[in-house]
Amino acid sequence: MGEGKYNQLLSVLLFDKNSLPTDLSKELSHFEVFFINCYCNPEFRQIAELAFRTVFKAKTEMCDVQTSADPYFYFANGSRIDRTNFDFIQEVVRIGNHVRLQKRDEDEYNPADEVTAKVIAEMLARKKARPKPKPDINLHSMISALSWKSGKPLLDEIMRLSMYQFYDGYRRVENLDSIHYTLFGIYTGNIDAKKMNLKDLHIAKIIDHK
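About the criteria used
Residues numbered from 1 in each chain as written. Predicted model: local features only at pLDDT ≥ 70, side-chain atom pairs only at ≥ 80, totals over all residues. Heavy atoms only, no water. Helix = DSSP H or I, 4+ residues; strand = E, 2+ residues; numbered from the N terminus. Expected span 1.5 Å × (residues − 1). Polar contact = N/O pair within 3.5 Å; in protein donor to acceptor, adjacent residues only side chain to side chain. Phe/Tyr/Trp six-rings, centres within 6.5 Å; stacked < 30°, edge-to-face > 60°. Buried < 20%, exposed > 50% of the residue type's maximum accessible area, 1.4 Å probe, protein only. Lys NZ or Arg CZ within 6 Å of the ring centre and 35° of its normal. Axes fitted to C-alpha atoms, helices over the stretch in contact; angles between N-to-C directions. Parallel < 35°, antiparallel > 145°, perpendicular 65-115°, else oblique. Contact = heavy atoms within 4.5 Å. Nonpolar A, V, L, I, M, F, W, Y, C, P; charged D, E, K, R; others polar. Pairing = 2+ DSSP bridges. Patch = residues over 30% accessible without salt bridge, like charges linked within 9 Å, V, L, I, M, F, W, Y side chains within 5 Å. Areas by Shrake-Rupley, 256 points an atom, 1.4 Å probe, with all protein chains shown as cover. Salt bridge = Lys/Arg side-chain N within 4 Å of Asp/Glu carboxyl O. Disulfide = S-S within 2.5 Å.

(A) Fine view of helix α3 (residues 42-56). Look at α3: 21 Å from first C-alpha to last across 15 residues, which is about the 21 Å you get at 1.5 Å a residue. Of the residues that open α3, the one with a side-chain oxygen 3.1 Å from the backbone nitrogen of E43 is N41. Trailing α3 by a residue or two, K57 shows a phi angle of about 60°, which is positive.

(B) Expanded view of the packing of aromatic side chains. All chains considered together, the criterion is met by 17 aromatic pairs. Seen in terms of ring centroids, F35 and F73 are 5.5 Å apart; in terms of plane orientation they differ by 65°. Their pairing is edge-to-face. Remark: F73 occurs in strand β2 (residues 73-74) and F35 occurs in helix α2 (residues 30-40); sequence separation between them is 38 residues. Each member of the pair F35 and F73 is classed as buried. Ring pairing ties together the aromatic residues F15, F31, F34, F35, F44, F52, F56, F73, F75 and F86, which thus form one cluster. Between R80 and the ring centre of Y72, over which it is positioned, the NZ or CZ distance is 3.7 Å.

(C) Spatial organisation of the packing of helix α1 (residues 3-13) against α3. The contact between α1 and α3 brings their axes to 9 Å, and the two run at 100°. Looking at the two axes, α1 sits roughly perpendicular to α3. Together, K5, Q8, L9, V12 and L13 of α1 and F44, I47, A48, L50, A51, F52, T54 and V55 of α3 make up the contact between the two elements. Of the residues assigned to the contact of α1 with α3, the class counts are 10 nonpolar, two polar and one charged.

(D) How the structure looks around the packing of α2 against α3. Following both chains from N to C, one finds α2 and α3 inclined at 120°, their axes separated by 5 Å at the closest point. Between α2 and α3, the angle is such that the two are oblique. Where α2 approaches α3, its residues F34, N37, C38 and C40 are matched on the opposing element by P42, F44, R45, A48 and F52. When the residues that make up the contact of α2 with α3 are grouped by side-chain class, the tally is seven nonpolar, one polar and one charged.

(E) Just the sheet that holds strand β1 (residues 61-62), in detail. With antiparallel pairing, the three strands of this open sheet are ordered in space as β1-β2-β3. Strand pairing shows two members of the sheet lacking a second neighbour, β1 and β3 (80-81), which therefore form its edges. Of the strand pairs in this sheet, β1 and β2 are connected by two bridges, and their pairing is antiparallel. For M62, the partnering residue across the bridge sits in β2 and is F73.

(F) Geometry of a nonpolar patch on the surface. A cluster of nonpolar side chains, I191, M196 and L198, forms an exposed patch at the surface whose accessible area comes to about 230 Å². By the element assignment, M196 lies in the segment after α8 (163-187).

(G) Representation of the state of the cysteines within the structure. Inspection of the entire model under this criterion finds zero disulfides. Free of any disulfide, C40 has its nearest neighbouring cysteine sulfur in C38, separated by 9.7 Å.

What follows is the structure, encoded as structure tokens:
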């Protein structure tokens, strides 16, 4: 589907009401705001339905908002996506695709007066307008690197991996290389082992993906 479409589907699936520029009632759940966006914005709804179909391999339908007491999506087999399971679904999607949690309070300030508020507003506007640097690594380059790491093309095998397996393999290979060359430096006397925690050099060490 391409990296752009993939990221777009992930962005919709991991919708967070706190990312909207307006203050919403705390009584509304993430799912309810998500559903409202689908109902009011046909383009958003189309992307959301494609995202659900990509994850669940089945088509979803929206409930009848005129007759339903609570909003939900439903499948042909009777299963539902609603406020009771949406957060869990998002967590599974996040872990399965190795999406890191974003800091929500990074750009939140409490100005003491109007002058301070104006300065902060101008600062945030400049930050938003600043061109983003081109990434050094993208999904394509990661696939290429992992494919050729063994010295022979493994592209067909890599393309059969789930996103979780791919990211886990990519980061594990990075970790193994780091450990290998660090240990080589210790054995040759070029690295002082006393300054290192040898527990960090275990090949099965848990990799933090949060």
